[in-house]
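Single-letter residue listing:
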Amino acid sequence: MKKLRKYSIVVFILLFALPAGYTLWDMEQARNMASDARAHAVKGKQLDEYLSAFSTKDYRIIKNDKQCILVPKRGMGRYQCVVYLDGQVIAGSKAGFFD
């Protein structure tokens, strides 16, 4: 009976605790990436200079005339940094959660 209990604890950890822990860690990494992107968005900085610090391997970058959105590829794409533009110059920014 003790052996069965021991195996059920191992199965629980492998099936539930490890995936849940990884998901939470991945979400925290995405939140930190969005916060860092927001911290680097200095008002008055050129957009091209700002974007050169971020790789398309780690971020999805969505641009239009009024804003640029950086979405970390970690964390299921639920965090983002929105950079507001005045032409090609940064006018402001904010980081947030899509939900």
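Model, not experiment: these values are computed from the prediction. (Residues numbered from 1 in each chain as written. Predicted model: local features only at pLDDT ≥ 70, side-chain atom pairs only at ≥ 80, totals over all residues. Heavy atoms only, no water.)

## Focus on the overall build of the chain
Point 1. A count of helices and strands for the chain gives 2 helices and 4 strands.
Point 2. The linear arrangement of helices and strands in the chain, starting from the amino end, is α-α-β-β-β-β.
Point 3. Relative to the globule expectation of 13 Å for 99 residues, the C-alpha radius of gyration of the chain, 19 Å, shows a markedly less compact shape.
Point 4. Dimensions of the chain, computed from the C-alpha atoms along their principal axes, are close to 70 × 25 × 20 Å.
Point 5. Classification of the 99 residues of the chain by burial places 27% in the buried group.
Point 6. Nonlocal contacts in the chain, meaning residues at least 24 apart in sequence, comprise 37% of its contacts between residues at least 6 apart.
Point 7. Entry remark: accessible area of the chain is about 7100 Å², with carbon and sulfur atoms responsible for 58%.
Point 8. The average position of the 16 basic charges and that of the 9 acidic charges among the side chains of the chain differ by 13 Å. (Helix = DSSP H or I, 4+ residues; strand = E, 2+ residues; numbered from the N terminus. Rg over C-alpha atoms; globule rule 2.2 N^0.38 Å. Buried < 20%, exposed > 50% of the residue type's maximum accessible area, 1.4 Å probe, protein only. Contact = heavy atoms within 4.5 Å. Areas by Shrake-Rupley, 256 points an atom, 1.4 Å probe, with all protein chains shown as cover. Lys, Arg positive; Asp, Glu negative; His and termini not counted. Charge placed at Lys NZ, Arg CZ, Asp CG, Glu CD.)

## Thoughts on the confidence of the model for the chain
Point 1. When pLDDT is averaged across the chain, the result is 90; 95% of the residues are at 70 or more.
Point 2. Confidence, read as mean pLDDT per element, is least for helix α1 (residues 2-40) in the chain (87) and greatest for strand β3 (residues 79-86) (96). (pLDDT = per-residue confidence, 0-100.)

## Things to note about the pattern of salt bridges
Point 1. With the rule as written, the count across this model stands at 2 salt bridges.
Point 2. Between aspartate 26 and arginine 74 there is a salt bridge, with its nearest N and O atoms 3.0 Å apart. Of this pair, aspartate 26 sits in helix α1 while arginine 74 sits in the loop between β2 (67-72) and β3, and the two are 48 residues apart along the sequence.
Point 3. Judged by relative accessible area, which is 12%, aspartate 26 ranks as buried.
Point 4. For the salt bridge of glutamate 28 with arginine 31, the shortest nitrogen-to-oxygen distance reads 2.6 Å. (Salt bridge = Lys/Arg side-chain N within 4 Å of Asp/Glu carboxyl O.)

## Description of the sheet that holds strand β4 (residues 89-97)
Point 1. The strand order across the open sheet formed by 4 strands is β1-β2-β3-β4, and the pairing between neighbours is antiparallel. On the outer flanks of this sheet lie β1 (59-63) and β4, each paired with one strand and no other. Going from strand to strand, the sheet's axes swing by 20° on average, the running direction of each strand aside.
Point 2. Bridge analysis of β1 against β2 gives 5 bridges, and the strand direction is antiparallel. Note on β2: the bridge partner recorded for isoleucine 61 is leucine 70. (Pairing = 2+ DSSP bridges. Axes fitted to C-alpha atoms, helices over the stretch in contact; angles between N-to-C directions.)

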